[in-house]
Amino acid sequence: MTFTAQQNSFMREAIRLSEENVRSSNGGPFGVVIVKDGVIISTGVNEVTRHNDPTAHAEINAIRAACRVLGTFSLEGCEIYSSCEPCPMCLGAIYWARPSALFFANTQQDAAAIQFDDQFIYQEIARSHADRRLPTYQMLRDEALQAFRLWKDDETKLAY
């Protein structure tokens, strides 16, 4: 696939952010740019160690910022440029945000080579609850289903 000069520029900005984040000691080597209509609307860097927050990945931070800018929970019509192939958590968030495209530079394997290896998470997701490393138990399902019934029957809900 051939990319436009503008797309290359957006990816280079994500890469620049990832390098700057390492140099500033704010977190891991990950940067993200979110674009709508050819304009950068948000950026994000990894701030896991800076904020003691395991969810403060660059993609999550950029998605949250973009949604604030747009005033919506949907990134339809946006493109995400990530300096690295997203981890399982971020990939899930990206799918939920519904952008029109995702571009990445470094691969999962590149990340694993510097000790950011998410392969075990992909493997764990595929296992049954009983076979996971993290003890996982289901409980009180009948009680919890009430919230789902309320949601299903709520004619004023904003579906997403």
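The rules behind the values
- Each chain has its residues counted from 1, running along the sequence as written.
- At least 70 in pLDDT is required for a residue's local features to be given in this predicted model, at least 80 for side-chain atom pairs to be given and counted, and no such filter applies to totals for whole chains, interfaces and linings, which use all residues.
- Remark: hydrogens and water are excluded; side-chain values derive from all non-hydrogen atoms of the structure.
- Numbering of helices and strands runs from the N terminus; a helix is a DSSP stretch of H or I covering at least four residues, while a strand is a stretch of E covering at least two.
- When a residue's accessible area, from a 1.4 Å probe over protein chains only, is under 20% of the maximum for its type it is buried; when over 50% it is exposed; and in between it is partly exposed.
- We call two residues contacting when some pair of their heavy atoms lies within 4.5 Å.
- The convention is simple: Lys and Arg are positive, Asp and Glu are negative, and His and the chain ends are not counted.
- Note that the charge is assigned to NZ on lysines, CZ on arginines, CG on aspartates and CD on glutamates.
- Any helix carries an expected span of 1.5 Å times its number of residues minus one.
- Directions pointing from the helix axis toward each C-beta atom define the arc.

Quick look at the overall build of the protein chain
Looking only at helices and strands, the protein chain has seven helices and four strands in total. Walking the protein chain from its N terminus toward its C terminus, one meets helices and strands in the order α-β-β-α-α-β-α-β-α-α-α. The principal-axis extent of the C-alpha atoms belonging to the protein chain is close to 55 × 40 × 35 Å. Counting all 160 residues of the protein chain, 31% fall into the buried class. Sequence separation of 24 or more characterises 47% of the internal contacts of the protein chain that already satisfy a separation of 6 or more. If you average the places of the 15 positive and of the 20 negative side-chain charges in the protein chain, the two averages end up 2 Å apart.

Observations concerning helix 1 (residues 5-23)
For an α-helix the count is 3.6 residues per turn, leaving residues at separations of three or four pointing the same way. The end-to-end C-alpha separation of helix 1 is 27 Å, in line with the 27 Å expected for 19 residues at 1.5 Å each. Among the residues of helix 1, those classed as buried are Q7, F10, M11, A14, L17, S18 and N21. The arc that holds every buried residue of helix 1, seen down its axis, measures 110 degrees, which confines them to one face. Exposed side of helix 1, more than 90 degrees from the buried face: A5, R12 and R23 are the residues found there. Buried positions along helix 1 lie against strand 1 (31-36), strand 2 (39-45), strand 3 (78-84) and strand 4 (101-106).

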